[in-house]
Amino acid sequence: MIEKKLNEGVSFRAIYPRDFLEKLLVDIPENILNGTEIRTLDEVEIVINVSDRFGLLALPGPDGKIDRDNVLVGSDDLFIDWCKEVFEYYWRSAAYY
């Protein structure tokens, strides 16, 4: 799906923890890697997915790991804009890869 969207002109940006990114890079096809802006942080404690149609926020569970089964998802403009603002906050503080 990402490859199809890249071909349609959609841009992707991602922020990963440095140590996780190094492991992930071997599994990402080169065309997807080249078409995605990637930055890194020492730690990433939340997951935010945002598009023009929805926003998603996942927080750590009691064990400290991201709980992808318990997320906030919304499709209204206010929630999408909020998710974008949170992502942009982390994006500005992340290092270029």
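Our structure is the block above this text.
Engineer: Looking at this model, I keep getting lost on the nonpolar core. Mind explaining?
Structural biologist: One broad trend across soluble globular proteins is that nonpolar side chains are buried collectively. Membership of the largest hydrophobic core is limited to 11 residues, which are I15, L41, I46, I48, L57, F79, C83, V86, F87, W91 and A94. Among the elements that make up this core, the one with the highest residue count is helix α4 (residues 77-93) (five residues). The residues contacting I46, other than those within four sequence positions of it, are L57, A58, L59, I66, V86 and Y90.

Engineer: Hey, could you run me through the side chain of T40 in this one?
Structural biologist: Relative to the assigned elements, T40 resides in strand β2 (residues 36-41). The buried category is assigned to T40, whose relative accessible area is 5%. Ignoring any residue separated from it by four or fewer positions in sequence, one finds T40 in contact with I15, Y16, R18, L21, A94, A95 and Y97.

Engineer: It is not clear to me how the pattern of salt bridges should be interpreted in this structure. Could you clarify?
Structural biologist: Two side chains with opposite charge may pair up if their charged atoms get near one another. The final tally for this structure, using the stated rule, is three salt bridges. R13 is the partner of E88 in a salt bridge, and the nearest nitrogen-oxygen pair spans 2.2 Å. Taken together, the residues E88 in helix α4 and R13 in strand β1 (residues 12-17) connect sequence positions 75 residues apart. On the basis of relative accessible area, R13 is assigned to the partly exposed category, the value being 33%. Two residues, D42 and R18, come together in a salt bridge whose shortest N-O distance is 2.2 Å. Highlighted residues: D42 in the loop between β2 and β3 (47-50) and R18 in helix α2 (residues 18-24), separated in sequence by 24 residues. When its relative accessible area of 61% is taken as the criterion, D42 is described as exposed.

Engineer: Whenever I open this one, α4 confuses me. Can you help?
Structural biologist: Since one α-helical turn is 3.6 residues long, residues separated by three or four positions face the same way. With 17 residues, α4 extends 25 Å between its outermost C-alpha atoms, agreeing within 8% with the 24 Å of an ideal straight helix rising 1.5 Å per residue. Buried residues of α4: F79, I80, C83, V86, F87 and W91, and no others. Down the axis of α4, the buried side of the element spans an arc of 140°, and every buried residue falls inside it. In α4, the exposed positions angled more than 90 degrees off the buried face are occupied by D77, L78, E85, Y89 and R92.

Engineer: How should I be thinking about a nonpolar patch on the surface in this particular structure?
Structural biologist: A cluster of nonpolar side chains, namely F54, V71 and V73, defines an oily patch on the protein surface of about 230 Å² accessible area. With respect to the helices and strands, the residue V71 is situated in strand β5 (residues 66-74). Judged by relative accessible area, which is 30%, V71 ranks as partly exposed.

Engineer: I keep staring at the environment of T40 and nothing clicks. Help me out?
Structural biologist: Separated by 21 residues in the primary sequence, T40 and D19 place their C-alpha atoms 9.2 Å from one another. Within polar-contact distance, the side chain of T40 engages the side chain of R18 at 3.4 Å.

What counts and how
Residues numbered from 1 in each chain as written. Predicted model: local features only at pLDDT ≥ 70, side-chain atom pairs only at ≥ 80, totals over all residues. Heavy atoms only, no water. Core = buried A, V, L, I, M, F, W, Y, C linked by side-chain atoms within 4.5 Å. Buried < 20%, exposed > 50% of the residue type's maximum accessible area, 1.4 Å probe, protein only. Helix = DSSP H or I, 4+ residues; strand = E, 2+ residues; numbered from the N terminus. Contact = heavy atoms within 4.5 Å. Salt bridge = Lys/Arg side-chain N within 4 Å of Asp/Glu carboxyl O. Expected span 1.5 Å × (residues − 1). Arc of directions from axis to C-beta. Patch = residues over 30% accessible without salt bridge, like charges linked within 9 Å, V, L, I, M, F, W, Y side chains within 5 Å. Areas by Shrake-Rupley, 256 points an atom, 1.4 Å probe, with all protein chains shown as cover. Polar contact = N/O pair within 3.5 Å; in protein donor to acceptor, adjacent residues only side chain to side chain.

Honestly, that's just the spatial picture; any functional story needs more than this.
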